[in-house]
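# Notes for the structure review
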Amino acid sequence: MLTGKNIVVGVTGGIAVYKAVDVISKLKKMGANIDVIMTKSAKEFVTPLTFSSISQNRVIVDMFEQPVEWDIEHISLAKKADLFLIVPATANIIGKVANGIADDMLTTTIMATTSKVIFGPAMNTNMYNNTIFNENVNKLRENGYEFIDADSGRLACGDYGAGKLPQPEIIVDYVKDFFERAQDLKDKTFIITAGPTIEPLDPVRYLTNYSSGKMGYAIAKEASRRGAKVTLVTGPTNLDIPQGVEAIRVNTTREMLEAIKLRFKECDVLVKAAAPLDYRPDIVSDHKIKKDENTLKMSFVKNPDIAYEFGKIKGNKIIIGFAAETKDVIENATRKIKKKNFDFIVANNVAEQDAGFRGDTNVVTILDGKDNIEEHPKMSKDQLSGVIVDKITTLIQRRGIDK
Ligand code: PMT
């Protein structure tokens, strides 16, 4: 059942609009609260009255003439939604979202939401196979948007081929599956580390690295969305803590170790996405270091290897590591799995473009130390977090960790 779930249905202009009426009716019967946003062209096919009767909510139609209300409404719906479902989705709406165009109520709201957006495309078969359309779809998939594959058959225009909006039952099943997936980590406890650590040199200076925290925060958000109780142990970052996640903020590698120690006993899963500094200055100067000399010599001592420490006492828990490598990625990552007792490791080749530190995307190879090597194409860190959390969920199910 979908009781209490807020679904925003975006309806765009196409002959398959009539199927959206049936989809909404079915979702409503399952207990979902539905808000409908129609584009101007959708209104040419079915009236807003049909959708307000079926959803029992006011329908929002693209209204340039009332910009103030429009502005407030798009933010409130963007925040309220547990899911955005765009059915039927024309090539036009997909093209606009893929290219950052926000020129009406629906595109603006989609752009403003952090919830999952699922498109159900429907169009002429040549449009569906068009290279530009497919580039737009791939770009959106890379950024975490989902697509329900179109059906094949006789289209409204008389052509045969792919491009039909699937039957309402298939769309409703996809939505149900999304919400079931959404709760598959209920009662599981995660500790996720993210960001850099910093090590002070003197009262005004410190050493650090380029980690932004984006990878670890994305995993924390995904695990929490799927029902897990998540503690994020984070070094200094500029990111907002994801909703529902408890954060412990630390600076140094030793502080990160201590913060995990506090919670490790109760956790089922530890994800080590942080980039802790391996060394710290031997002596931290009490006063600002003066620039009197031409060279400055410092000595460093080794920090604890956090993952290694918990790998030794892991028991039935799952520990996932990351590896930031600039060369010999597979060899180095394989060595780290064994040494740190990881269940699998996510190796990012940080020398590659759009991978590793700071950016919104990553390119990774996932290894389990048992000859299974999965190469993943470039994708957003949000999307990659789904891949990682899916793998963790499978491990939990196989291992029968049950509370
Ligand atoms: O934060 P972003 O900008 O999004 O960038 C993401 C990332 C590149 C930081 C992330 O994807 C990543 O690769 N994190 C691990 C970086 C790292 O420290 O790699 P490593 O190969 O040095 O360490 C291997 C593993 O041991 C890691 O899981 C690390 O968290 C852990 N480790 C390392 C050192 C240490 N003292 N203690 C540790 O637990």
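Predicted, not measured: the structure shown is a model, and the values here were computed from it.

Right, let's get into the domain arrangement of the protein chain. We note that the domain assignment places domain 1 (6-182) and domain 2 (189-399) within the protein chain. One C-alpha centre belongs to domain 1, the other to domain 2; they are set 37 Å apart. The interface is formed by eight residues belonging to domain 1 together with eight residues belonging to domain 2. A combined buried area of about 660 Å² lies between domain 1 and domain 2, and 41% of that area is made up of carbon and sulfur atoms. Looking at the side of domain 1 facing domain 2, the largest losses of area belong to Glu142, Arg181 and Ala182, adding up to 60% of the total buried there. Summed over the shared surface of domain 1 and domain 2, the number is zero salt bridges. At the junction of domain 1 and domain 2, the tally comes to one residue pair in polar contact (both at pLDDT 80 or more). Listing elements by their share of the side of domain 1 that touches domain 2, those giving two or more residues are α7 (131-142) and α8 (168-182). It is α8 that provides the largest number of residues to the side of domain 1 that touches domain 2, a total of three residues.

Attention now goes to helix α12 (residues 329-340). Its 12 residues give α12 an end-to-end C-alpha distance of 16 Å, which sits within 8% of 16 Å, the value for a rise of 1.5 Å per residue. Of the surrounding elements, those touching the buried residues of α12 are α11 (306-312), β17 (318-325), β18 (344-349) and β20 (364-367). Where α12 ends, the next residue or the one after it, Asn341, has phi of about 60°, a positive value.

Our focus in this paragraph is the layout of surface pockets. By volume, the largest pocket is sized at about 1,800 Å³. For the largest pocket, the lining is made up of 50 residues, of which Thr114, Ser115, Lys221, Arg225 and Asp382 are closest to its centre. Among the secondary structure elements, those contributing two or more residues to the lining of the largest pocket are α3 (67-80), α5 (105-112), β5 (116-121), β6 (146-147), α8, α9 (214-225) and α13 (381-399). The residue makeup of the lining of the largest pocket, split by class, is 18 nonpolar, 14 polar and 18 charged. Built from parts of two domains, the lining of the largest pocket gets at least three residues from each of domain 1 (6-182) and domain 2 (189-399). Along its surface, the second largest pocket is lined by 41 residues, and Ala274, Ala275, Pro276, Asp278 and Phe322 are the ones closest to its centre. Among the secondary structure elements, those contributing two or more residues to the lining of the second largest pocket are α9, α11, β17 and α12. Each residue belonging to the lining of the second largest pocket can be placed in one class, and the counts come to 18 nonpolar, 12 polar and 11 charged.

Neighbouring residues of the ligand: 26 residues in total, closest Ser211, Ser212, Lys336, Asn348 and Arg358. Note that an oxygen atom of the ligand is positioned 2.6 Å from one of the side-chain N or O atoms of Ser212. Measuring from an oxygen atom of the ligand, one finds a backbone N or O atom of Ala307 at 2.8 Å. For the ligand, whose accessible area on its own is 760 Å², the fraction buried by protein is 95%. If you map the ligand onto the pockets, it falls in the second largest pocket. Here the shell around the ligand takes four residues from β17, the largest share from any one element. Across the shell around the ligand, the residue classes break down as 12 nonpolar, six polar and eight charged.

The rules we used
- Residues numbered from 1 in each chain as written.
- Predicted model: local features only at pLDDT ≥ 70, side-chain atom pairs only at ≥ 80, totals over all residues.
- Heavy atoms only, no water.
- Domains from an automatic or database assignment.
- Contact = heavy atoms within 4.5 Å.
- Buried area = accessible area lost by both parts, 1.4 Å probe.
- Salt bridge = Lys/Arg side-chain N within 4 Å of Asp/Glu carboxyl O.
- Polar contact = N/O pair within 3.5 Å; in protein donor to acceptor, adjacent residues only side chain to side chain.
- Helix = DSSP H or I, 4+ residues; strand = E, 2+ residues; numbered from the N terminus.
- Expected span 1.5 Å × (residues − 1).
- 1 Å grid on protein atoms, 1.4 Å probe; cavity = no way out; pocket = protein on both sides within 12 Å on 5 of 7 lines; lining within 4 Å.
- Points joined across faces, edges and corners; volume = space filled by probe spheres on them.
- Nonpolar A, V, L, I, M, F, W, Y, C, P; charged D, E, K, R; others polar.
- Near = heavy atom within 4 Å.
- Areas by Shrake-Rupley, 256 points an atom, 1.4 Å probe, with all protein chains shown as cover.
- Sits in = over half its atoms within 2 Å of the grid points.

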